[in-house]
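A structural walkthrough
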Amino acid sequence: MGGAVGPYLRVAADLPRASAALAAHVAERARASAAARGRFRLVVSGGSTPVPLYRRLAARYRGSFPWARTEVYFGDERCVGPRHPESNYAMVAAALLERVPVPRHQVHRIRGELRPPARGAADYARWLVPLAEGSKEGPLFDLVLLGIGTDGHTASLFPGSAALDERRRTVVSVPAPERPPPVPRITLTLPALARSREVCFLVAGPDKADAVAAILGGRGGSRVALPAARVRSQGPVRWYLDRGAAAGLSAARRRELDTGPEA
Ligand code: 6PG
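To keep things clear, this report deals only with the structure shown in the data block. (Residues numbered from 1 in each chain as written. Predicted model: local features only at pLDDT ≥ 70, side-chain atom pairs only at ≥ 80, totals over all residues. Heavy atoms only, no water.)

**Some words on helix α3 (residues 88–95)**
For α3, the full list of buried residues reads Asn-88, Met-91, Val-92, Ala-93 and Ala-95. Residues of α3 that are buried sit in contact with β2 (40–44), α2 (51–60), β3 (70–74) and β4 (76–78). The opening residue of α3, the one whose side-chain oxygen lies 3.1 Å from the backbone nitrogen of Tyr-89, is Ser-87. (Buried < 20%, exposed > 50% of the residue type's maximum accessible area, 1.4 Å probe, protein only. Helix = DSSP H or I, 4+ residues; strand = E, 2+ residues; numbered from the N terminus. Contact = heavy atoms within 4.5 Å. Polar contact = N/O pair within 3.5 Å; in protein donor to acceptor, adjacent residues only side chain to side chain.)

**With respect to the site of the ligand**
In the vicinity of the ligand, 13 residues are found, and the nearest of them are Thr-49, Asp-76, His-153, Ala-155 and Lys-208. Between Ser-48 and the ligand, the recorded distance is 2.8 Å, taken from a side-chain N or O atom to an oxygen atom. Within the complex, the protein chains bury 87% of what would otherwise be the 410 Å² of accessible surface of the ligand. Residues of the shell around the ligand, tallied by class, amount to two nonpolar, eight polar and three charged. (Near = heavy atom within 4 Å. Areas by Shrake-Rupley, 256 points an atom, 1.4 Å probe, with all protein chains shown as cover. Nonpolar A, V, L, I, M, F, W, Y, C, P; charged D, E, K, R; others polar.)

**A look at the packing of α2 against α3**
The geometry of α2 relative to α3 is characterised by a closest axis approach of 8 Å and an angle of 35° between their N-to-C directions. Taken together, the residues of α3 that come into contact with α2 (itself represented by Val-51, Tyr-54, Arg-55 and Ala-58) are Met-91, Val-92 and Ala-95. Its residues assigned to classes, the contact of α2 with α3 comprises six nonpolar, no polar and one charged. (Axes fitted to C-alpha atoms, helices over the stretch in contact; angles between N-to-C directions.)

No statement about biological role is implied by the geometric values presented.
In structure tokens, the structure reads:
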């Protein structure tokens, strides 16, 4: 479970509390990164779960977060325009980017409107090249935020997808999944996600308890190599859950995961 110190698992009573705990952690990592390296490269996730987190960062940390040194990247995007209701960029802009003073040129949007989608993937991959700073192994990102679906997907890496086997490219396009919205996607690949100093999952709701248990090890201890279980980092992989999403984890497994106090 990563290299740095735990806790790797924080369980909160509900999503607002899990979001508050994660927001405090992201703010602390941002300040440390800006102090150590002069910048904080954050990958944001889409969907609906992170909306309270983004709103919390905008409200509670507007003045203390190093926004001027923050660079925002996206873990994935639906192949729609930036104002489309299904756009991850539109969601993050409304919940966070329009509420904080992050310089616009430091927000790196995936251009989901480009056609074909593979062109949008290649366009985004070019943004990531300079992050490598000539290193083939070093981290591209300081902190990656991710969610999971009920099927254990993360970003737009869906079970059975060929994108899960990508070893070279950092960004790929994937066909429309069978789940809404039924549009092609552009996603960071597992090698790109792994080039991070830390990954933090935020998961809420009892409908995800089975996927969380399959990924982290449920009562039977059995684990399934769902896409989110294959995410690696050069540092810790942390999980911020509400009680509903954690319901399938045994007490023993929670202890093994170095769970911090309930948030
Ligand atoms: C997306 C996200 C996706 C999301 C999960 C969970 O584009 O939808 O990147 O990976 O994190 O599907 O979505 P919810 O938070 O809406 O349950």
